[in-house]
Amino acid sequence: MNIFRNLIGKVWQDPNATEVVKISTGQLHLLRPDNVRSSRECIFNDAMATIRRVPSIEHNFQLVITRVYEEGDQELLEDEEETDEERVFLISEELEFRTGQTEGEPTLLWRDLQGDVDEFYEFVASGTNAPTKAFFETCMYRAMYERKYKTSADNVRDEDLAEFVWHSPVANVKKGKAAAKKLSAKDGIVSPQSPTAPASSSTLDISLHVIIDQPAELFLWNRDQGFFVREAAVDAKIVQRKDANFSFVLTATTQEGQVLAHRISSQMMQRWSPATWSITWNNVNDSGNQSSWCLRFESHESFELFRAEFTRRAWESLNQTSWDKVKEDEQAYVLSANVEDVEMAVETDDDEEEAVLDELGDEDEEEEEGGTSPPAGLSEGRNSQLTVGYKGDRSYVVRGDKIGVFRHKPDEVEYVASIANITDMKGKKFDPKNVMLHEQDSKMVVMNPLAPNSLFHLDLERAKIVEEWKVHDDITVNHVAPNSKFSQTTHEQTLIGASHNALFRIDPRVSGNKLVNSQYKQYASKNKFSGVTTTASGKLAVASEKGDIRLYDTVGKIAKTALMPLGDPIIGIDVSADGRWIVATTKTYLLLVDVLIGQGRYAGSLGFDRSFPADAKPMPKRLQLRPEHVAYMNHNVSFTPARFNVGEGQEENAIVTSTGQYVVAWDFGKLKKGQMDKYEIKKYEDLVVQDSFRFGDDKEIIVALQNNVLSVNKKNLRKPTRTSLAPERRNTRSHSGIVNAPY
């Protein structure tokens, strides 16, 4: 291997070089020796293999297999909903990496750590010469060396790398403990260290029960440097007070004592990365400052054990009930929703350049955004709601007992008038609880918190409430939705209503109570419905404070599909026009669900029309801000209800929401390809009350701030960077207050 020393010195010692070495041509196969039907499956027919640095974690590298397209193929594939362009593997001893030959061609072989114990990946390096293969192999061993010993491999000797050269387990029988360790890893046997081992004597608290204990490395996000900095090698534990039901704490301890203790809750915004065997999360100290943390585990098995246990305890803490009472399919649903295949990111030079451009371009962008502050008549109170018109290029903003009317103009909104002193039929003022446009924007349906059993008809031409619609004597109207996604553009008069446990149709034309008895479904239990939305064909999705989602093909019947809750209350729900995609909003994350049935008798149907097979429930994907971005924002995330862009004949391509001073938009096309953390953001000086795309426009976003209403083009949102996100800096590097002593 000495023949490569000079070459390695050129490619390895440059810390700014993301890629260390590359084999440009080859094919990727998945080997399943015990599978009779498909023992050798071709994953990528044309691919390249690269050893890449993990930029945010020193001494860590990845083996990356990237699909290579022929000229012209890339453009054709852009129209596909899902593509699989890259496979990433953290380089470690557990891969059992080796080289060989297949039909005279050199090969690279390694274990599929997320598959069965006998499944392997094989990269056939077609046309690669022996020196190139040997050089690639040497770089793999150097990467393993750096990960294991947490030090540079610049001066490593050949004999130091020999321990990473894989040998058959049979040849290792005489190596005692070393061989036993290798076999236990291969066979999926748990490490001899008990997952419930007690804490060391220096940190032992007899009032605490240790649920799981795994060795890991602890990192803290450094705001100045823009990456995670290693703090210590620790024992990562989940503990519980013996006298406290369903209250759990994540701790990290060293031989010197406890380093941190963070209560497990949804506010942690945890993200799991199988690619790096790590969890990142956020913590707010007593001073209100955000910090972002990371635990990286020593093996895939250790990572999976901790992830499963953490998910169980987080669920129990949220629902205050035992995980053992949950059905197996529901457990699988919850566990699947807590996997994020993302890496711990670090800002690159491109990010910094973009941040500088953002900084220089702020003044210009503010000029491009057309906004208007409230006029004298609307100076009291704060904006609280926004609804965007469908037919008349108008937006309406609720402010106390007044409603401001704003006209859409190119790249701006303009104040037109205000509807002052909203009153009921007896002349009593009230602040609208919720509003919805109706009948081609000629009417507004208004909810009065003082009359929960009624809806009020606001005539927008006359600028006053002209009618009260009593829905039912005993049933309240907590939520309303149009009869279908685009019925507000028509003269459709009926609409959908929901109470805390009932779903019904409302028809203002009938005499007496407006609830249509033949289209009414009430549940005996307290379902705590929290939102309702409709598709273009009138199918319904209903969310609840319990976190579940029900899908109906029509009002008045039982749900065709009930999606199990993760536990966090859902505060808003929206659906794509064709009914395939649902986005549900919780306080700290969004849930994206594909409700197309993929297998079984009703494959190709939607969950609105047929029930999913018991073993093929849709698995939700969590959309949330990266913990390190939240640390820059120094802000407790609290999302407003997320919405797709909407327009007749227009395909959804974005999701927009807000939190605090930030407007956040996800690229829906990238989400469908599995890129869950590809979002853009824009910060304002005032709090964002609500935002929504202009009807029929996938670029212009109408934004209601507490004291302003404006229009922003989606292109003015930027990739999150330290410069664009961070408010005025406070000192968060100190460790004081990290151990919050939550128990």
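Residues numbered from 1 in each chain as written. Predicted model: local features only at pLDDT ≥ 70, side-chain atom pairs only at ≥ 80, totals over all residues. Heavy atoms only, no water.

A. Up close: helix α3 (residues 130-149). Taking 1.5 Å of rise per residue, 20 residues should cover 28 Å, and α3 covers 29 Å from first to last C-alpha, within 8% of that figure. Counting buried residues in α3 gives 14 out of 20 residues, a clear majority hidden from the surface. Note on α3: the residue one or two positions beyond its end, Lys-150, has a positive phi of about 55°. (Helix = DSSP H or I, 4+ residues; strand = E, 2+ residues; numbered from the N terminus. Expected span 1.5 Å × (residues − 1). Buried < 20%, exposed > 50% of the residue type's maximum accessible area, 1.4 Å probe, protein only.)

B. Spotlight on the nonpolar core. Core analysis: the biggest nonpolar cluster contains 92 residues, and Ile-65, Trp-110, Leu-295, Phe-310, Leu-625, Ile-655 and Trp-666 have the highest contact counts within it. A per-element tally of this core places α3 first, with eight residues. Setting aside residues up to four positions removed in sequence, Phe-310 forms contacts with Ile-238, Leu-250, Ile-264, Met-268, Gln-270, Trp-272 and Ile-279. By size, the runner-up hydrophobic cluster in this structure holds 26 residues, among which are Ile-573, Ala-584, Ile-597 and Phe-608. (Core = buried A, V, L, I, M, F, W, Y, C linked by side-chain atoms within 4.5 Å. Contact = heavy atoms within 4.5 Å.)

C. Representation of the sheet that holds strand β32 (residues 549-552). In spatial order, the strands read β30-β31-β32-β33; together these four strands make up an open sheet with antiparallel pairing. Two strands lie at the open edges of the sheet, namely β30 (529-534) and β33 (561-563), each paired on one side alone. On average, each strand axis in the sheet is tilted by 20° relative to the strand beside it, whichever way the strands run. Where β30 meets strand β31 (residues 540-544), five bridges bridge the pair, whose relative direction is antiparallel. The residue bridging Thr-534 from the neighbouring strand is Leu-540, located in β31. (Pairing = 2+ DSSP bridges. Axes fitted to C-alpha atoms, helices over the stretch in contact; angles between N-to-C directions.)

D. Structural context of the packing of aromatic side chains. According to the stated counting rule, one finds 23 aromatic pairs in the structure shown. Seen in terms of ring centroids, Trp-110 and Tyr-121 are 6.0 Å apart; in terms of plane orientation they differ by 25°. Their pairing is stacked. Linking Trp-110 in strand β8 (residues 105-111) with Tyr-121 in strand β9 (residues 120-124), this pair joins segments that are 11 residues apart in sequence. There is no split in this pair, since Trp-110 and Tyr-121 are both buried. Relative to Trp-323, the ring of Trp-315 has its centre 5.7 Å away and its plane inclined at 80°; by these criteria the two rings are edge-to-face. Here Trp-315 and Trp-323 have matching classes, each one buried. Among the aromatic side chains, those forming a connected cluster through ring pairs are Trp-272, Phe-297, Phe-303, Phe-306 and Phe-310. Sitting over the face of the ring of Tyr-523, Arg-550 holds its NZ or CZ atom 5.0 Å from the ring centroid. Just above the ring of Tyr-684 sits the side chain of Lys-682; from NZ or CZ to the centre is 5.7 Å. (Phe/Tyr/Trp six-rings, centres within 6.5 Å; stacked < 30°, edge-to-face > 60°. Lys NZ or Arg CZ within 6 Å of the ring centre and 35° of its normal.)

E. Main features of the side chain of Glu-119. For Glu-119, the location among the structural elements is in the loop between β8 and β9. Discounting residues that sit within four places of it in the chain, Glu-119 has contacts with Leu-31, Arg-32, Arg-111 and Asp-112.

F. Highlighting the sheet that holds strand β4 (residues 47-53). Ordered in space as β1-β4-β5-β6, the four strands form an open sheet in which the pairing is antiparallel. Only two strands of the sheet have a single partner each, and these edge strands are β1 (19-23) and β6 (86-90). Going across the sheet, the axis of each strand differs from the next one's by a mean of 20°, ignoring polarity. Sheet topology places strand β5 (residues 61-67) next to β6; five bridges connect them, and they run antiparallel. What sits directly across from Val-64, in β6, is Val-88.

G. The side chain of Ser-273, seen in detail. Position of Ser-273 among the secondary structure elements: in strand β14 (residues 271-273). Judged by relative accessible area, which is 4%, Ser-273 ranks as buried. A polar contact is formed between the side chain of Ser-273 and the side chain of Thr-276, at a distance of 3.1 Å. (Polar contact = N/O pair within 3.5 Å; in protein donor to acceptor, adjacent residues only side chain to side chain.)

H. Representation of the environment of Asp-224. Following the sequence through the fold, Asp-224 ends up in the loop between β10 (208-222) and β11 (227-241). A relative accessible area of 48% means that Asp-224 is categorised as partly exposed. For the pair Asp-224 and Arg-722, spaced 498 residues apart in sequence, the C-alpha to C-alpha distance is 8.6 Å.

I. Just the pattern of salt bridges, in detail. Evaluated as defined, the whole model comprises 35 salt bridges. Here Glu-19 ties to Lys-22 by a salt bridge, and the two come within 3.5 Å at their closest N and O atoms. On the accessibility criterion, Lys-22 (35% relative accessible area) is partly exposed. For Glu-41, the salt bridge is made with Arg-32, and the minimal N-O distance between the two is 2.8 Å. (Salt bridge = Lys/Arg side-chain N within 4 Å of Asp/Glu carboxyl O.)

J. Here's a closer look at unusual backbone geometry. Despite not being glycine, His-59 has its phi angle at roughly 70°, a positive value. In this structure, His-59 sits in the loop between β4 and β5.

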